[in-house]
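# Examining the three-dimensional arrangement
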Amino acid sequence: MLKIIDDKETCKRSIYFLGIRLCGWTRSKLILERINNTLNHVERSVEFLMCDRSDSLEAKGGDRNLQLIQIKFLNAFDAFCKDHKLHYWLDFGTLLGAARNSKFIPWDDDIDVSMLRGGGDFEAILNLEKSKKIIFDGYYFKYYPEIGLIKLHNQCLPEYIGMDIFVLDLIGRRMTIAEKVSLTRSLNSDPIFKNKSLSTQRSAYFARKLHNFGFDFVDNFADAETVVYGFEFHHASHPSIFLDKDELFPLRTTQFEGRSYPCPKNLDHHLTLLYGNYKTPNWKQLPHTLISKLPIEDLIKISHFIERQ
């Protein structure tokens with residue numbers, strides 16, 4: 001029995017007899033159809049994703065759609081942590097948006113969360129990253145030692161799109177605000193903290209430097225009085241990277257983009273140490289990613305990801 005089959009992927013027509021391909025040829029009609037379909041999808045994707053940035057209280061167009069993707073990342077991570085009894089909290093720009101108006105700040109396009117290294121939470125994520133496991137629905141963790149972050153990615157999206165997971169360590173002694181600010185400035189001015197290539201050397205160096213100031217790391221949460229952002233990450237823009245444990249814990253919840261998520265116990269104190277006057281927006285700040293400069297193929301991936309959810 002003869003069969004004529006058009007393959008829209010290869011743009012070829014083939015003739016089969018009893019399941020055996022006898023011959024085939026390229027069809028210009030199929031090529032034109034594929035070109036038109038691609039152009040139509042690109043046009044829809046660009047229209048769907050192109051940004052319309054203005055000094056409003058909300059991101060628009062493509063900027064907003066990147067935020068919507070990040071919310072899906074956060075919800076996937078939140079569900080994962082609940083299933084595995086892991087603790088985390090919203091932090092940095094994400095917490096800033098939650099505190100100001102319970103949603104993203106307009107120029108932000110990623111999610112920031114933090115976890116403690118001591119106690120096993122961050123270690124559990126790191127162990128999963130080392131095993132290269134897909135946790136579910138295409139989500140996976142990847143460790144970036146040069147910047148001290150674990151990121152949550154999705155196989156369906158470009159790898160530069162991901163959610164940031166920061167790590168914090170425990171210190172045994174309490175600090176005054178003056179000590180926190182002074183030590184933060186000292187660390188941020190140190191060349192070893194500015195040079196990403198030296199990230200693997202920072203652990204022992206950080207511990208020695210803290211010890212010289214009279215502070216030491218501890219592994220037990222009950223023995224800690226102060227929490228500090230991990231030695232891997234350079235926090236040059238923040239007044240203090242040291243936090244009182246009892247200002248951070250026990251965690252409470254805050255509203256962000258229509259849902260409740262964990263946040264520091266004293267949100268105002270936490271953000272003041274990180275940003276100073278955090279309630280006044282800086283409208284001159286740009287997003288991390290300018291969506292108008294993304295490749296067309298990545299815009300299509302982003303569009304597909306949103307449409308599938």
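To be clear, the structure that these remarks concern was listed above.
Residues numbered from 1 in each chain as written. Predicted model: local features only at pLDDT ≥ 70, side-chain atom pairs only at ≥ 80, totals over all residues. Heavy atoms only, no water.

## Here's the deal with the overall build of the chain
Formally: Helix and strand assignments follow DSSP, with helices taken as H or I runs no shorter than four residues and strands as E runs no shorter than two, numbered in order from the N terminus. Type-normalised accessible area, obtained with a 1.4 Å probe on protein chains alone, sets the label of each residue: buried when under 20%, exposed when over 50%, and partly exposed for intermediate values. Any two residues having at least one pair of non-hydrogen atoms within 4.5 Å are treated as being in contact. Under the convention used here, a 1.4 Å probe and the Shrake-Rupley method define accessible areas, while residue burial counts only the protein chains that appear.
The secondary structure content of the chain amounts to ten helices and 14 strands. Per-residue burial for the chain yields a buried fraction of 45% across its 309 residues. In the chain, the share of contacts with a sequence separation of at least 24, taken over all contacts with a separation of at least 6, comes to 60%. By element, 54% of the accessible surface of the chain is carried by carbon and sulfur atoms, the whole surface being about 15800 Å².

## Focus on the pattern of salt bridges
When the charged atoms of two side chains with opposite charge come close together, those side chains can pair. The test is simple: Each salt bridge in this description consists of a side-chain nitrogen of Lys or Arg and a carboxyl oxygen of Asp or Glu lying within 4 Å of one another.
A complete count under the given rule lists ten salt bridges for this structure. Notably, a salt bridge pairs aspartate 78 with lysine 82, separated by 3.0 Å at the nearest N-O pair. Pair noted here: aspartate 78 and lysine 82 are both in helix H2 (residues 61-84), with a separation of four residues, about one helical turn. Owing to a relative accessible area of 55%, lysine 82 belongs among the exposed residues under this scheme. Glutamate 225 serves as the salt-bridge partner of arginine 174, at 3.9 Å between the closest nitrogen and oxygen. A residue pair is termed long-range when its members are at least 10 positions apart, and arginine 174 in the loop between strand S9 (163-171) and helix H5 (177-188) and glutamate 225 in the loop between strand S10 (217-218) and strand S11 (226-229) qualify at 51 residues. When salt bridges that share partners are traced, they join Arg174, Lys180, Glu225, Asp244 and Asp246 into one network.

## Some thoughts on the nonpolar core
Stated precisely, the cut-off is as follows: For the purposes of this section, nonpolar cores are sets of buried Ala, Val, Leu, Ile, Met, Phe, Trp, Tyr and Cys residues that join through side-chain atoms within 4.5 Å.
Counting 44 residues, the largest nonpolar core has Phe77, Phe141 and Ile165 as its most contacted members. Counting residues in each nonpolar core, the second largest holds 28 residues, with Trp89, Phe92, Tyr229 and Ile241 among its members.

## A closer look at the environment of phenylalanine 77
Checked against the element boundaries, phenylalanine 77 lands in helix H2. Residues phenylalanine 77 and tyrosine 139 lie 62 residues apart in sequence; the distance between their C-alpha atoms is 9.0 Å. Setting aside chain neighbours within four positions, we find phenylalanine 77 in contact with Tyr88, Val113, Met115, Ile125, Phe141, Leu152, Met163 and Ile165.

## Topic: the packing of aromatic side chains
Operational definition: A pair of aromatic rings is counted whenever rings of Phe, Tyr or Trp (Trp by its six-membered ring) have centres within 6.5 Å, and the orientation is called stacked for planes under 30 degrees apart, edge-to-face for over 60 and tilted otherwise.
Overall, the coordinates contain eleven aromatic pairs when judged by the stated rule. An angle of 80° between the planes, with centres 6.3 Å apart, marks the rings of phenylalanine 77 and phenylalanine 141 as edge-to-face. Residue phenylalanine 77 is located in helix H2, and its partner phenylalanine 141 is located in strand S7 (residues 139-144); the two are separated by 64 residues in the primary sequence. Overall, phenylalanine 77 belongs to the buried group, its relative accessible area being 0%. Overall, phenylalanine 141 belongs to the buried group, its relative accessible area being 4%. Plain terms: the ring middles of phenylalanine 221 and phenylalanine 249 are 5.1 Å apart, the flat faces sit at 90° to each other, and that makes the pair edge-to-face. Residue phenylalanine 221 is located in the loop between S10 and S11, and its partner phenylalanine 249 is located in the loop between helix H8 (245-248) and strand S13 (252-256); the two are separated by 28 residues in the primary sequence.

## Notes on helix H7 (residues 202-212)
Spacing of three or four residues puts side chains on the same side of an α-helix, whose turn is 3.6 residues. What counts, and what does not: Directions drawn from the helix axis to the C-beta atoms are what define this arc.
Turning to H7, its buried residues number three or more, namely Arg202, Phe206, Lys209 and Leu210. Taken end-on, H7 shows its buried residues confined to a sector of 100°, consistent with a single buried face. At the exit of H7 stands glycine 214, carrying a positive phi of roughly 95°.

## Describing the side chain of glutamate 129
Within the element layout of this structure, glutamate 129 appears in helix H4 (residues 121-131). The residues touching glutamate 129, leaving out its near neighbours within four places in the chain, are Phe141, Lys142 and Tyr143.

## Structural notes on the pairing of strand S1 (residues 2-7)
As a reminder, the rule being used: Strand pairing is defined by DSSP finding a minimum of two bridges between the two strands.
Bridge count between S1 and strand S2 (residues 12-17): six bridges; the pairing is antiparallel. The partner of isoleucine 4 across the bridge, within S2, is isoleucine 15. Adjacent in sequence and paired antiparallel, S1 and S2 are bridged by four residues, among which cysteine 11 carries a positive phi angle near 60°.

## Re the packing of helix H3 (residues 92-101) against helix H9 (residues 267-275)
Where we set the bar: Note on definitions: angles span 0 to 180 degrees between N-to-C directions of axes, and those axes are lines fitted to C-alpha atoms, for helices only across the stretch in contact. An angle counts as roughly parallel when it lies under 35 degrees, as roughly antiparallel when it exceeds 145, as roughly perpendicular when it falls between 65 and 115, and as oblique in every other case. Whether a crossing is left-handed or right-handed is set by the direction in which the near helix is turned from the far one by less than a right angle, anticlockwise for left-handed and clockwise for right-handed. Just so you know the grouping, Ala, Val, Leu, Ile, Met, Phe, Trp, Tyr, Cys and Pro go in nonpolar, Asp, Glu, Lys and Arg go in charged, and all remaining residues, Gly too, go in polar.
Packing of H3 against H9 brings their axes to within 11 Å, and their N-to-C directions diverge by 130°. Viewed along their axes, H3 and H9 adopt a mutual orientation that is oblique. Note that H3 runs across H9; the crossing there is left-handed. For the pair H3 and H9, the contacting residues are Phe92, Gly93, Leu95, Leu96 and Ala99 in the first and Leu267, His270, Leu271, Leu274 and Tyr275 in the second. Of the residues in the contact of H3 with H9, the class split is eight nonpolar, two polar and no charged.

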